[in-house]
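Each chain, written out:
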Amino acid sequence: MRTWTPAQDGVDARTLLGAKLAASKKSGQADSAMLPGSGLGASYSTVAWMPLLSIAAAAFAVEIPFLFRGTPSGHDVEFHLYSWLELLSQWKQGIFFPRWAGLAHFAYGEPRFIFYPPASLALGAALSAIVPWTLVATIYIWFVLMAAGVSMFLLARQWLDRRDATFAAVLYAVNPYHLVIVYWRSAFAELLASSLLPVLLLLLLRTEEKRRRVTVFLALLLASAWLINAPAAVMIHYSLVLLMVVIAWQRRSPRILVVGTAAVLLGAALAGFYLLPAVYEQKWVNIAEAVSGGSRPIDNFLFVRTADAEHDAFNRVISWIAVAEILLTFLAAWSARSWGSRNRTLWYSLVAWAAACAVLMLAITGPLWDVLPKLRFMQFPWRWMLCLSIPFTLLIAVGVRRWTVRVTMYVAMLCVLAFVWQHFQPPWWDNIADLREMQDNMATGAGYEGTDEYAPVGADPSAIDKDARRLTVDGPAHAAIRVLQWNPEVKVFTADMSGPDNLALHLFNYPAWRVEVNGRLVQAGTREVTGQMLVPVDAGANRVEITFIRTWDRTVGVWTSLLALALAVVLLRRPLPSSSPALKPLLNS
């Protein structure tokens, strides 16, 4: 019989405790463990909140200049802010799913909400309803950067401990391209779409586990992309194809191709209520203006020169930032070679993704932008930096282990940002008065500048009289006109005419408008050049009702989405087990 001494008990107890702590640290939970009798350990709840607090602090740091300069007034700021106000205004009028932006083009209107994805606009409008207007954009940016950081944390936690995963989350939240969006572009929908990219990669790497469920979750993500930002959705779908091919090659299994294809189809069906009308009704608007001069891929490759000096100044800003990010990404990939030998699928996926993003920003890929489906509607090749930010973040997190080097790399990127800020084009800023002016333009009904690509065919926004009355007689007749109702989707008025004539409305004509005069359907005309609606009326009393109706494509789109949603529910009818690997990073963090 073997005997044990007290000294041996002490040694084995310490050995066991050390082994437990080592195992705990390996799983990323060592920082929540407390030694017996130690008063230095933090509670688990405090440690669990640290990643979120770190992301929140980093997102707040991005906005510190707002306290001194105001709100960044990037390229798309007026589009988004006016859309938020317009959407909120229509909600207050009982129009919960608007289609027609009634105050665009100085109240002539446009079908903006048919073509622009609704998710980011709804988030902005909801924030506008609950927080002071002058803070809405600031809170939106902070919230979206938080969402992007949390999304990256869930991805990085698959391979990294909590501390390194938190670093990856913070780096992704405040990565260089996000800073460009915040300070120069104000592309709020594209910024929101960045929170989907880490989940995309996570789901693709999980396709071998519970394929049916992963297919549904992937479809929901792809549908979300369509409902957030169309150019980002195009990038996400092309990224999906590339990543599926790389993962299938590494695993020597075509299963992921089947899963991905099914997810693409189901995702498009889920977003059908938006996609089908947006695709079908393009022939009713000047959609080609979306890729007019200055917005074409050929005008926006890295370091391209055009006749527009201001355009070229921003191109220098984005080009130098892109070059710096590409170089750091591939330096990190080289440093992560040994890690990649143990995680071949992920490493090859990240390197291939980074290479594709980098190459597509170069002018030599111009022919691809002309032939690949819908790629040219991305407009700006440097938008691929949105996807490049994933390899940039993860490869630095896994390939650069020293914190001093990590900090040095990020400071180097900040120096590039500071350089282009000072030498090429500093950001513009809106103060409180500018933001309140937007509110006033909405409240008074004066409206705002619209979007050329959403103007109806035959309309010329540059030719309109923005101060014109709501209704005027187009010919020699005289009329006594009384407006009974005039909201974005319904116009009702009476006209007592001295003779037959046309009434010209402060409204662009569009095929979805149904016009009734004294209970009879009539065919509205369109004034040449301006595109205003012309309503024919007879002599005497006329009651005119104009309604923005639901066209067949919207009806079919809604039913397609409902059927796809029912299919998704059936495929998910079994509850997800609490031990599912897809939930482990959330449960263990």
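Residues numbered from 1 in each chain as written. Predicted model: local features only at pLDDT ≥ 70, side-chain atom pairs only at ≥ 80, totals over all residues. Heavy atoms only, no water.

Chemist: Mind laying out a nonpolar patch on the surface, listing which residues take part and the relevant values?
Modeler: Together, Phe60, Ile64, Leu67, Phe68, Trp142 and Phe143 give the surface a local cluster of nonpolar side chains, amounting to about 660 Å² of exposed area. Counting only elements with at least two residues in the nonpolar patch, the list comes to helix H3 (66-69) and helix H8 (136-156). Among the secondary structure elements, Phe60 is positioned in helix H2 (residues 44-62). (Patch = residues over 30% accessible without salt bridge, like charges linked within 9 Å, V, L, I, M, F, W, Y side chains within 5 Å. Areas by Shrake-Rupley, 256 points an atom, 1.4 Å probe, with all protein chains shown as cover. Salt bridge = Lys/Arg side-chain N within 4 Å of Asp/Glu carboxyl O. Helix = DSSP H or I, 4+ residues; strand = E, 2+ residues; numbered from the N terminus.)

Chemist: Break down the environment of Phe68 for me, with residues and values.
Modeler: On the secondary structure map, Phe68 appears in helix H3. Among the residues examined, Phe68 registers a relative accessible area of 68% and is labelled exposed. Measuring from C-alpha to C-alpha, the distance between Phe68 and Asn431 comes to 9.9 Å, with 363 residues separating the pair along the chain. (Buried < 20%, exposed > 50% of the residue type's maximum accessible area, 1.4 Å probe, protein only.)

Chemist: Just give me the short version of the packing of aromatic side chains, but keep the residues and values in it.
Modeler: Taken as a whole and judged by the stated rule, the model has 31 aromatic pairs. When the ring of Tyr183 is compared with that of Trp429, the centres are 6.1 Å apart and the planes differ by 65°; the resulting orientation is edge-to-face. Taken together, the residues span a long stretch of sequence, with Tyr183 in helix H10 (residues 176-185) and Trp429 in strand S2 (residues 429-430) at a distance of 246 residues. For the pair Tyr183 and Trp429, a shared accessibility class is recorded, and that class is buried. By the ring-pair criterion, three or more aromatic residues cluster together here, those being Trp100, Tyr280, Trp284, Tyr510, Trp513, Phe548 and Trp552. The side chain of Arg337 reaches across the aromatic face of Trp334, ending 3.9 Å from its centre. Geometry around Trp403 places Arg406 over its ring, the cationic atom sitting 4.7 Å from the centre. (Phe/Tyr/Trp six-rings, centres within 6.5 Å; stacked < 30°, edge-to-face > 60°. Lys NZ or Arg CZ within 6 Å of the ring centre and 35° of its normal.)

Chemist: Describe the sheet that holds strand S6 (residues 501-508), listing the residues and the values that go with them.
Modeler: What the 4 strands build is an open sheet, ordered S3-S6-S10-S9; its pairing is antiparallel. Lying at the two open borders of the sheet, with one neighbouring strand each, are strand S3 (471-473) and strand S9 (525-526). In terms of strand pairing, S3 meets S6 through 3 bridges, oriented antiparallel. Bridge pairing in S6 links Val473 to Leu503. (Pairing = 2+ DSSP bridges.)

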